[in-house]
Amino acid sequence: MNFFERVIRALTETHPIHPMLVHFPIALTGAAAFFILLAMWRRNKALEQIAFANIVLAAFGTIAAGITGMMSNANTYDSAAPNAMLKMILASLLFLITAATSLARWHNPDLFETHAKPIYAAAYFISFALALTLAFLGGIILYGF
């Protein structure tokens, strides 16, 4: 078996894909929160646009991580991973918040300049907190608590 066949087999059959994908929503929500904080501090529209791009990507990354997480739970843990239901609820909430924030900003490009700015910015920090909580719960599945 050549190198490329081994890599494809490892990615599709041997190793679960979920651990590779979970880092995207964590990093993207963290980057989004960081850039929205910078945008508020510097009153900079370009930094807010970077935050928006990150939260949009985080919403898509959450879908991928969620689907592969359910697959991993079913295949590896016989649908009995610790805190699996809590993780599904929190991941759904993360998706709803990131998607709602993305859609609200997409429909109103000047949202950052309105009276809703504190709520808009809070959604970024809540998303990051949810992603970190999900990461901690995932660590419990692998390493215990």
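Here, the structure is the one placed above.
Predicted model, so just to flag it, every value in this text is computed and none were measured.

**Q** Whenever I open this one, the pattern of salt bridges confuses me. Can you help?
**A** Any two side chains of opposite charge can pair, so long as their charged atoms come close to each other. Applying the stated criterion across every chain yields a total of two salt bridges. Of the charged contacts, one joins E48 and K45 as a salt bridge, the two residues approaching to 3.6 Å between their closest N and O atoms. Of this pair, E48 and K45 both sit in helix 4 (residues 45–76), three residues apart, which is roughly one turn of the helix. The partner of R105 in a salt bridge is E48, with the nearest N and O atoms 2.7 Å apart. Pair noted here: R105 is in helix 5 (residues 84–107) and E48 is in helix 4, with a separation of 57 residues, a long-range link. Of the two residues, R105 and E48, both sit in the buried class. Through salt bridges that share partners, K45, E48 and R105 make up one connected network.

**Q** Mind showing me how you'd approach the packing of helix 4 against helix 6 (residues 117–143) here?
**A** The axes of two packed helices give the description: the angle between them and the distance between them. Relative orientation of the contacting elements helix 4 and helix 6 amounts to 45°, with a least axis distance of 12 Å. On the basis of the axis angle, helix 4 is oblique to helix 6. Between helix 4 and helix 6 lies a crossing whose hand is left-handed. For the pair formed by helix 4 and helix 6, the contact residues are E48, A51, F52 and I55 on the first element and Y120, Y124 and S127 on the second. Broken down by class, the residue content of the contact of helix 4 with helix 6 amounts to five nonpolar, one polar and one charged.

**Q** What is the right way to read the packing of helix 3 (residues 23–42) against helix 6 from this model?
**A** Contact geometry for helix 3 and helix 6: axes closest at 9 Å, N-to-C directions at 150°. Comparing the axis directions of helix 3 and helix 6 gives the class roughly antiparallel. As helix 3 runs across helix 6, the sense of the crossing is left-handed. Residues P25, I26, T29, G30, A32, A33, I36, L37 and M40 of helix 3 form the contact with helix 6, whose own contacting residues are K117, Y120, A121, Y124, F125, S127, F128, A131, L132 and A135. Looking at the contact of helix 3 with helix 6 residue by residue, the classes come out as 15 nonpolar, three polar and one charged.

Rules used in this analysis
Residues numbered from 1 in each chain as written. Predicted model: local features only at pLDDT ≥ 70, side-chain atom pairs only at ≥ 80, totals over all residues. Heavy atoms only, no water. Salt bridge = Lys/Arg side-chain N within 4 Å of Asp/Glu carboxyl O. Helix = DSSP H or I, 4+ residues; strand = E, 2+ residues; numbered from the N terminus. Buried < 20%, exposed > 50% of the residue type's maximum accessible area, 1.4 Å probe, protein only. Axes fitted to C-alpha atoms, helices over the stretch in contact; angles between N-to-C directions. Parallel < 35°, antiparallel > 145°, perpendicular 65-115°, else oblique. Left-handed = near helix turned anticlockwise from the far one by under 90°. Contact = heavy atoms within 4.5 Å. Nonpolar A, V, L, I, M, F, W, Y, C, P; charged D, E, K, R; others polar.

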